[in-house]
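Geometric and topological summary
The primary structure of each chain is shown beneath.
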Amino acid sequence: MTLSPARVPAVGVRRLTATLYGYSFLDEFVLLYPVYALLFADTGLSVWQMSSLFVLWSATGVLLEVPSGAWADAMSRRLLLWLGPLLGAAGFALWVLVPSYWAFAAGFVLWGARGALGSGALEALVYEELERLGAADRYARVMGRAQAAGQVATMAAMAVAGPVFAAHGYPVVGAASVLACLLTAAVATRFPEVRATDTEREDWAATLRSGLAEARGDRSVRGALLLVPAVAAVWGALDEYTPLLARGTGVPDVAVPYLLVLIWAGVTAGSLLAGPAERLGRNGLAGVLSLSAVALAAGATAGTPAGIVLVAVAFGGFQLATVLADARLQRRIDGTGRATLTSVAGLGTELATIAVYGSYAVLASTGTHGLAFALFAVPYLATALVLYRRRR
């Protein structure tokens, strides 16, 4: 049967989105995520050693974020998307086969490189393929659903890791994590990618220069670049401390995971709302950030399990704003450096996240976790005010 021209784009969109959703799910269905801190502790690592590993992980991402974006613009993005998970698989295998500080360090370097290779490349590939198929207006909806698939996978991994770990220990949890990475790489090979031929593409250095030149020369691109870390960094860092916030409500430790699942359900809902909310202008986005900031402050300072519901609402709003900020950036990029500029935004997010980690340590050491969470609502109110004033 011959497909009509109108049907061809629809088939292409379905292939792209099916691959993307499968990739996003498998990429986050890693059973080691909920228990790797326990593995470090059981191996005998101190808190300072664990912290040094997290810094190494972040530093790897910072160093490779922008260069990997330029690589994605200069070569095949699909190649980077299947190569990255293989690096992650190697790192996780090291963790469970030869558990030691240096094996964990090598694994974090590989994991950081894996994240950098995918950051920018995935967004650029999806946007340009949708644009080629005449469906660029679906980008926020598609990416929102993809992130929702990843968040569902995270919750599923939390649920499955407990009984698997109890029955079989770290080796089987690690093997399942390696398998998930290998399946992610296999799915990545199915991504469609229609790009210029190698002779038409710029080399790596030229791609990096052209991408950064576009940011310098276009005020709207600069504004969109700055908006991404302003929206994504704070709540992304606070997520690491949600178990401590949940414990502070007075629930027993066995109930903490259920409160975390509630928060992730809010994040997933925010992802799914990205499509309908894409029509929001600057004022609408400012309103989402303002309401989410108020919900975060109120929920965090409540000190009760019911307050976690408000935190879930706030995180859902921040996730929605994160997807919309990325969509705004993609619409404003007009050149060959799409992955490069997306990685620049990712670099800003990484640096801001590190700053939040340091600030949180100071705030939480002099007050409560609830107060620290509430104070981090202020940057979102400031961002909302800037958006509102720029609109006026």
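Structure first, text after, so check above.
Residues numbered from 1 in each chain as written. Predicted model: local features only at pLDDT ≥ 70, side-chain atom pairs only at ≥ 80, totals over all residues. Heavy atoms only, no water.

**Re the overall build of the protein**
Cut-off, in case you're wondering: Secondary structure elements are taken from DSSP: a helix is a run of H or I of four residues or more, a strand is a run of E of two residues or more, and numbering for both begins at the N terminus. Summary of the burial criterion: residues with accessible area below 20% of their type's maximum are buried, those above 50% are exposed, and those between are partly exposed, where the area comes from a 1.4 Å probe applied to protein chains only. In these tables, accessible area is a Shrake-Rupley quantity obtained with a 1.4 Å probe, and a residue counts as shielded only by the protein chains included in the view.
The secondary structure content of the protein amounts to 17 helices and zero strands. A total of 392 residues make up the protein; the buried ones form 49% of that total. Approximately 17,300 Å² of the protein is accessible, and the part contributed by carbon and sulfur atoms is 67%.

**Quick notes on the packing of aromatic side chains**
Filter applied, for reference: In summary, the pairing rule links any two rings of Phe, Tyr or Trp, Trp by its six-membered ring, whose centres are within 6.5 Å, and it sorts them by plane angle into stacked for under 30 degrees, edge-to-face for over 60 and tilted for everything else.
According to the stated counting rule, one finds 24 aromatic pairs in the structure shown. Ring geometry for Tyr33 against Phe92: centres 6.4 Å apart, planes inclined by 75°, an arrangement best described as edge-to-face. Taken together, the residues span a long stretch of sequence, with Tyr33 in the loop between helix H1 (7-28) and helix H2 (36-43) and Phe92 in helix H4 (residues 77-97) at a distance of 59 residues. Take Tyr33: its relative accessible area is 25%, and that puts it in the partly exposed class. Between Tyr360 and Phe376, the aromatic rings sit 6.4 Å apart at their centres with planes inclined by 15°, giving stacked as the arrangement. Of this pair, Tyr360 sits in helix H15 (residues 338-366) while Phe376 sits in the loop between helix H16 (369-375) and helix H17 (378-391), placing them 16 residues apart in sequence.

**So, the pattern of salt bridges**
Note the cut-off: Criterion for a salt bridge: a side-chain nitrogen of Lys or Arg within 4 Å of a carboxyl oxygen of Asp or Glu.
This model, assessed by the stated rule, comprises three salt bridges. Of the charged contacts, one joins Asp27 and Arg114 as a salt bridge, the two residues approaching to 2.4 Å between their closest N and O atoms. Of this pair, Asp27 sits in helix H1 while Arg114 sits in helix H5 (residues 101-118), and the two are 87 residues apart along the sequence. Taking the shortest distance from any N to any O, the salt bridge between Glu128 and Arg77 comes out at 2.8 Å. Separated by 51 residues along the polypeptide, Glu128 in helix H6 (residues 121-132) and Arg77 in helix H4 bring together distant segments of the chain. The class of Arg77 is buried, set by a relative accessible area of 1%.

**Some points on the nonpolar core**
Defined as follows: We define a nonpolar core as any set of buried Ala, Val, Leu, Ile, Met, Phe, Trp, Tyr and Cys residues linked to one another through side-chain atoms lying within 4.5 Å. What makes two residues a contact is simply this: any of their non-hydrogen atoms within 4.5 Å.
The biggest cluster of nonpolar side chains holds 82 residues, and the ones touching the most others in it are Phe191, Leu296, Phe315 and Phe373. Per-element accounting of this core gives the leading share, 13 residues, to helix H14 (residues 305-332). Excluding residues within four positions of it along the chain, Phe315 makes contact with Trp235, Leu238, Asp239, Thr242, Ile263, Val267, Leu296 and Phe373. Membership of the second largest hydrophobic core comes to 24 residues, among which are Val35, Met50, Phe92 and Ala105.

**A short note on the side chain of Ser58**
Assignment of secondary structure puts Ser58 in helix H3 (residues 47-74). Setting aside residues no more than four positions away along its own chain, Ser58 makes contact with Glu350 and Ile354.

**Quick look at H14**
Quick reminder of the rule: To estimate the expected span of a helix, subtract one from its residue number and multiply by 1.5 Å.
In this model, H14 (28 residues) spans 41 Å end to end at C-alpha, consistent with the 40 Å of a helix rising 1.5 Å per residue. H14 sits mainly inside the fold: 21 of its 28 residues count as buried.

None of this, on its own, says anything about what the molecule does.
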